[in-house]
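Examination of the molecular architecture
Chain residues, written in single-letter form:
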There are 2 protein chains.
Amino acid sequence: MKTSFLSEIGRRTEEPPISWLMSLRLSHPRVISLAAGFTDQETLPHTETLALLEDIFHDIPRAKAALQYGSTQGDLELRDLTTRRIHTADAGKSAKKLPEVYSPGRMILSHGSQQSLYLVCEALCDPGDIVLVEDPTYFVFLAIAQSRGIDCRGIPLTSEGPDLASLEAKLEGLKRTGEIKRVKMLYLVSYFQNPSSITASLEKKAAAMKLVKKYERAAGHPIFVLEDAAYRELRFSGQDVPSLLTVPGAADRLIYSGTFSKPFASGIRVGFSLLPEPLLTTCLRLKGNHDFGTSHILQQILSRAISTGVYDKHLELLHDRYRAKAAVMGTALVEHMPASCQWPEPHGGLYFWVSLPETTQAGRTSPFFKAALKADVFYVPGELCYADDPTREKPHHEMRVSFGGASIGDIAEGVKRLGAVAKKMCR
Amino acid sequence: MKTSFLSEIGRRTEEPPISWLMSLRLSHPRVISLAAGFTDQETLPHTETLALLEDIFHDIPRAKAALQYGSTQGDLELRDLTTRRIHTADAGKSAKKLPEVYSPGRMILSHGSQQSLYLVCEALCDPGDIVLVEDPTYFVFLAIAQSRGIDCRGIPLTSEGPDLASLEAKLEGLKRTGEIKRVKMLYLVSYFQNPSSITASLEKKAAAMKLVKKYERAAGHPIFVLEDAAYRELRFSGQDVPSLLTVPGAADRLIYSGTFSKPFASGIRVGFSLLPEPLLTTCLRLKGNHDFGTSHILQQILSRAISTGVYDKHLELLHDRYRAKAAVMGTALVEHMPASCQWPEPHGGLYFWVSLPETTQAGRTSPFFKAALKADVFYVPGELCYADDPTREKPHHEMRVSFGGASIGDIAEGVKRLGAVAKKMCR
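Residues numbered from 1 in each chain as written. Chains lettered and ligands numbered in written order. Predicted model: local features only at pLDDT ≥ 70, side-chain atom pairs only at ≥ 80, totals over all residues. Heavy atoms only, no water.

Considerations on the overall build of chain A
As a reminder of what qualifies: By the criteria applied, helices consist of DSSP H or I runs no shorter than four residues and strands consist of E runs no shorter than two, each listed in order from the N terminus. Radius of gyration: C-alpha atoms only; globule rule: 2.2 Å multiplied by the number of residues to the exponent 0.38. Note on contacts: a residue pair is in contact if any heavy atoms of the two residues lie within 4.5 Å. Per-residue accessibility takes into account occlusion by the displayed protein chains alone, with areas from the Shrake-Rupley method and a 1.4 Å probe.
Regarding its fold elements, chain A presents 15 helices and 13 strands. For chain A, the C-alpha radius of gyration of 21 Å lies close to 22 Å, the compact-globule estimate for 427 residues. Taken along its principal axes, the extent of the C-alpha atoms in chain A is 65 × 55 × 50 Å. Of the contacts formed within chain A by residues at least 6 apart in sequence, a portion of 76% connects residues at least 24 apart. When the accessible surface of chain A is summed, it comes to about 15,100 Å², and 54% of that surface belongs to carbon and sulfur atoms.

Okay, structure coming up:
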């Protein structure tokens, strides 16, 4: 296929791994997918959503508003509810007057939080610019970076968040080579990180932010931190961790993004971000050109869900459900995986991040992956979650296995199949 | 505000005129807006939409599908229904087996047709590339072009579509200067064009396409035609015109886009495009990174609306409504505007395109616009609908006035106010 006449970005953009994973699913109909980041099918709030819709549509002015264009920035009511939620989570209690950093005027509602990530990258990065990411990180973010010609550099993760010594060493290295001038952002998936399920501590992420800021002088410009809190509301055990929004002085360097799709219903795609200037204005202009605003009816459903308490009630149900599914998966992993395999226990989110012995390759072209597929089970090869960082080797011995979309029976059976493959392959 | 660290596109992207128009509205609450391209408020199908939603949500597997992620390309059922609709409109009758050019596999469902326009520009054009547009054209398309650094060149419109002699002269000129190598696309809003309300004849648009193709050898690459049929289903008098999809051999150069938002409910943002390779694959990859798929519940509402006949029934109602509103506006224009003003009679869409005498400036900084605002009425200054084409002067004596969103009373009163201003200003 001739493509030389496409734009630079058009020529560069590769097939995203998610398409490959979806086509695998279609070509192997009996397969148990532990790959997809789908949300739990059984608990999808269909009764609740219908009730919300009936409420909205019986109130005719509200119904008409839902069916009319909204604004590019998004419904003020939903922005207000959303910023209040974030503040309440951060402060541990609700407040009458929100601090400026939580102002609805700083928020853009987007078509899923994926769109927020895209807009920020588009507004901030040219080809050749550098974004620091976690090792491993969210693979669809890496796809945006690949498409836009952004160089990603990986920072190893500890059980509490990015490894500060490695981050400093990386920044020093970039300063030495002069590449620091291309560093625009640090991207952190700070809650139940996709794929590792690690939650960064406030201390760790605040220290990372402070460290990055120290290099602004060498960079000659601000270096932003994008805190992607997509999974924050999916905590099913332990205590919430405050976001970087609580760090004094962080606001002018921090982009905080999140979503309602995973915690409520992924078919209702509404995400959000809080942005400092000039990113706020720039992303708004870009969104004006992308779609001049997220579908208004979706925003109304969520406004209504939050203000009536339906959203929080559903969240409780979801937490119970994911806690149970995670327990089934954890038990099955212990039972079936060889003793040489390891994983951190997730306290939220949708994933287990399983490390095989380092000598066992589990990448997309590996005999391990093929054997798993033959045994009618598949997973996200961990290698897909590592940036193409020329300064380090990419690990190939990890797997992301999800308890989100699969049924309880399929989780147990899928892990059993995977365990049988692993026992054969991990020698 | 310092912006030097933003991306090239971030720095370049200007405030879109639509934001200015919306802020005018907010700062002048009593104003009658004949500017907005909003759809009619009274006929918004709230009862119908609720009934559709109840149907969907009482069918539990369907409800769950609506609440789960769909695919990046969009729901196959809706793509199938949509391609059939387009084919039926083009062929004048339905067919069991669709010709390949109408294949659902060639269609992407987008978050409003605006997103389709954005994806095509992103896939095809680098900064400095040239897109030929109509004089005047859809101003939000011009905003995409401005943002992405695309040079637009204007082709005058006749009452039947683009002026072929001017198009040929423009292409010859571009060939002479060597700029033809940067020409990527011709953008046509072919049905009730926004803003002029002109519908291009099949002959005229087919001839334009053929003419453009003649210059591919000089360009050294394909030159695409984007037929934006956003208003096609809003015809309230006369006969539909077949699209360029009916032209033999056109398929591999033609992008055909349209929307369900304006004909049904603008709060339910779903648009679509039929694309040739390699644009199809490229736009799909880009959309995967933008949002990995349009909200699924919106697609389900439209599938259901179309398959049950609710959509077509609503369309009839809408046609009656817009016919009546256009008649009120037409009568008011005749009654109140000075005899020196002219406009073509719209047969569909949402707009009258009013030309004042050429010496009367009606642009955004003109005394005319200010006087109108003082008289509590405003419109889209026609100058906003002209590309920044350095090869010709931009006209400033036109206005786009919409009968879409305003009530019948406001249409009559708004035009009366505008007429009073015009009588004072057109000397």
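Focus: the nonpolar core
Rules: Nonpolar cores are built from buried Ala, Val, Leu, Ile, Met, Phe, Trp, Tyr and Cys residues. Side-chain atoms within 4.5 Å join them into one set. Relative accessibility under 20% of the residue-type maximum defines a buried residue, over 50% an exposed one, and the middle range a partly exposed one, all with a 1.4 Å probe and only protein chains included.
Phe141 and Met185 of chain A together with Phe141 and Met185 of chain B are the most contacted members of the largest nonpolar core, which has 287 residues in total. Residue contacts for Met185 of chain A: discarding those within four places in its chain leaves Val120, Cys121, Leu124, Ile130, Val131, Leu132, Phe141, Ile223, Phe224, Leu226 and Ile255 of chain A.

Quick word on the packing of helix α5 (residues 76–91) of chain B against helix α12 (residues 296–307) of chain B
Packed helices, taken two at a time, are described by their axes: the angle between them and the distance between them. All names here are of chain B. As a reminder of what qualifies: Between N-to-C directions, angles cover 0 to 180 degrees, with each direction set by a line fitted to C-alpha atoms, over the stretch in contact for helices. Roughly parallel means an angle under 35 degrees; roughly antiparallel, over 145; roughly perpendicular, 65 to 115; everything else is oblique. With the far helix as reference, a near helix turned anticlockwise by less than a right angle produces a left-handed crossing, and one turned clockwise produces a right-handed crossing.
One way to put it is that α5 packs onto α12 with a least axis distance of 9 Å and a crossing angle of 45°. When the axes of α5 and α12 are compared, the pair comes out oblique. Of the two elements, α5 crosses α12, and the hand of that crossing is left-handed. Each of Glu77, Leu78, Leu81 and Arg85 in α5 lies in contact with α12, whose residues at this interface are Gln299, Leu302, Ser303, Ile306 and Ser307.

Some words on helix α5 (residues 76–91) of chain A
All names here are of chain A. Cut-off, in case you're wondering: Given the number of residues in a helix, its expected span is that number minus one, multiplied by 1.5 Å.
The end-to-end C-alpha separation of α5 is 22 Å, in line with the 22 Å expected for 16 residues at 1.5 Å each. Taken together, the buried positions of α5 are Leu78, Arg79, Leu81, Thr82, Thr83, Arg85, Ile86, His87 and Asp90. Structurally, α5 contributes buried residues whose contacts are with β2 (107–110), β8 (254–259), β9 (271–274), α12 (296–308) and α13 (310–336). Two residues or fewer after α5 comes Gly92, characterised by a positive phi angle close to 80°.

Observations concerning the pairing of strand β7 (residues 224–228) of chain B
Moving residue by residue along a regular strand, the side chains alternate between the two faces of the sheet. All names here are of chain B. To keep things clear, this is the line we draw: Two strands are said to pair when DSSP picks up at least two bridges between them.
Among the 5 residues of β7, 5 are classified as buried, and the element is accordingly described as predominantly covered. A two-sided burial pattern is seen for β7, the buried positions comprising Phe224, Leu226 and Asp228 on one face and Val225 and Glu227 on the other. The pairing of β7 with strand β8 (residues 254–259) spans 4 bridges and is parallel. By the bridge assignment for β8, Leu226 is matched with Ile255.

A closer look at the interface of chain A and chain B
Think of interface size as the accessible area that goes away when the parts come together; that is how it is often given. Spelled out, the test is: Accessible area that two parts lose when put together, evaluated with a 1.4 Å probe and summed over both, is termed the buried area. What counts as a salt bridge is simple: a side-chain nitrogen of Lys or Arg found within 4 Å of a carboxyl oxygen of Asp or Glu. For this classification, Asp, Glu, Lys and Arg are treated as charged, while Ala, Val, Leu, Ile, Met, Phe, Trp, Tyr, Cys and Pro are nonpolar and the rest, including Gly, are polar.
The interface of chain A with chain B comprises 83 residues on the first partner and 83 residues on the second. For the pair chain A and chain B, the two sides together bury roughly 6,900 Å², of which 63% comes from carbon and sulfur. The three residues of chain A that bury the most area against chain B are Phe5, Tyr69 and Asn289 of chain A, which together make up 12% of that side's buried surface. Salt-bridge contacts for Glu15 of chain B lead to Arg285 of chain A; the nearest nitrogen and oxygen are separated by 3.3 Å. Those elements giving two or more residues to the side of chain A that touches chain B turn out to be α1 (8–12), α3 (46–58), α4 (60–67), α6 (113–124), α7 (139–148), α11 (279–290) and α12 of chain A. The biggest single contributor to the side of chain A that touches chain B is α11 of chain A, with 8 residues. Class assignment for the residues of the side of chain A that touches chain B results in 36 nonpolar, 30 polar and 17 charged.

Details of the packing of aromatic side chains
To describe a pair of aromatic rings, one takes the distance between the centres and the angle between the planes. All names here are of chain A. As a reminder, the rule being used: Between the rings of Phe, Tyr and Trp (Trp by its six-membered ring), a pair exists once the centres lie within 6.5 Å; its type follows the angle of the planes, with under 30 degrees stacked, over 60 edge-to-face, and the other angles tilted. Comment: the charge-over-ring label is applied if NZ (Lys) or CZ (Arg) is within 6 Å of the ring centre and within 35 degrees of the ring normal.
Using the criterion set out here, one finds 30 aromatic pairs over all chains in the structure. Seen in terms of ring centroids, Phe260 and Tyr311 are 5.6 Å apart; in terms of plane orientation they differ by 90°. Their pairing is edge-to-face. Of this pair, Phe260 sits in the loop between β8 and β9 while Tyr311 sits in helix α13, and the two are 51 residues apart along the sequence. For the pair Phe260 and Tyr311, one class covers both residues: buried. By way of ring pairs, the aromatic residues Trp20, Phe368, Phe369 and Tyr379 are connected into one cluster. Sitting over the ring of Trp20, Arg364 keeps its end group 4.1 Å from the ring centre.

Comments concerning the environment of Leu164 of chain A
Residues and elements named next belong to chain A. With respect to the helices and strands, Leu164 occurs in helix α8 (residues 164–177). By relative accessible area, which is 25% here, Leu164 ends up partly exposed. Expressed as a C-alpha distance, the spacing of Leu164 and Gln239, which sit 75 residues apart in the sequence, is 23 Å. Once you skip the residues sitting within four places of it in the chain, Leu164 turns out to touch Lys204, Ala207, Ala208 and Leu211.

Some remarks on the environment of Pro16 of chain B
Tracing the sequence through the fold places Pro16 of chain B in the loop between α1 (8–12) and α2 (17–27). Expressed as a C-alpha distance, the spacing of Pro16 of chain B and Trp353 of chain B, which sit 337 residues apart in the sequence, is 21 Å. Apart from residues lying up to four places away in sequence, Pro16 of chain B is in contact with Arg285 of chain A together with Ala143 of chain B.

Considerations on the relation of the copies chain A and chain B
Each of the two copies of the chain can be brought onto the other by a rotation about an axis and a shift along it. Which entries qualify depends on this criterion: Superposing copies: least-squares fit, C-alpha atoms only, residues required to have pLDDT of at least 70 in both.
In screw terms, the move from chain A to chain B is a rotation of 180° and a rise of 0.0 Å along the axis, fitting with an RMSD of 0.0 Å. Taken together, the rotation angle and the small translation identify this as a two-fold axis.

Quick notes on the pattern of salt bridges
Pairs can form between side chains of opposite charge once their charged atoms are near each other. All told, the structure shown has 58 salt bridges over all chains when counted by the stated rule. Measuring nitrogen to oxygen at the nearest pair gives 2.8 Å for the salt bridge that ties Glu227 of chain A to Lys205 of chain A. Pair noted here: Glu227 of chain A is in strand β7 (residues 224–228) and Lys205 of chain A is in helix α9 (residues 202–214), with a separation of 22 residues, a long-range link. There is no split in this pair, since Glu227 of chain A and Lys205 of chain A are both buried. A salt bridge links Glu77 of chain B to Arg62 of chain B, with the shortest nitrogen-to-oxygen separation between them at 3.5 Å. Of this pair, Glu77 of chain B sits in helix α5 while Arg62 of chain B sits in helix α4 (residues 60–67), and the two are 15 residues apart along the sequence. Classification of Arg62 of chain B by relative accessible area gives buried; the value is 17%. Shared partners join several salt bridges into a network, and the residues in it are Asp40, Glu42, Arg321 and Lys325 of chain A.

A few points about the pairing of β2 of chain A
Residue and element names in this part refer to chain A. Because side chains alternate across β2, one face comprises the buried residues Met107 and Leu109, and the other comprises Ile108 and Ser110, equally buried. Two elements, β2 and β9, share 4 bridges in a ladder whose sense is antiparallel. In the strand pairing of β9, Met107 is matched with Leu274.

Details of the sheet that holds strand β10 (residues 351–355) of chain A
Residue and element names in this part refer to chain A. The strand order across the open sheet formed by 3 strands is β10-β13-β12, and the pairing between neighbours is antiparallel. The two strands at the open ends of the sheet, each matched to only one other strand, are β10 and β12 (380–381). Two elements, β12 and strand β13 (residues 398–402), share 2 bridges in a ladder whose sense is antiparallel. Bridge pairing links Val380 to Arg400 in β13.

Thoughts on the environment of Ala305 of chain A
Residues and elements named next belong to chain A. Mapped onto the fold, Ala305 is located in helix α12. The exposure class of Ala305 is buried, given its relative accessible area of 0%. Residues Ala305 and Leu52, spaced 253 residues apart in sequence, show a C-alpha to C-alpha distance of 6.7 Å. Not counting chain neighbours up to four residues away, the residues in contact with Ala305 comprise Leu52, Phe264, Val310 and Tyr311.

Function cannot be read off these values alone, since they describe shape.
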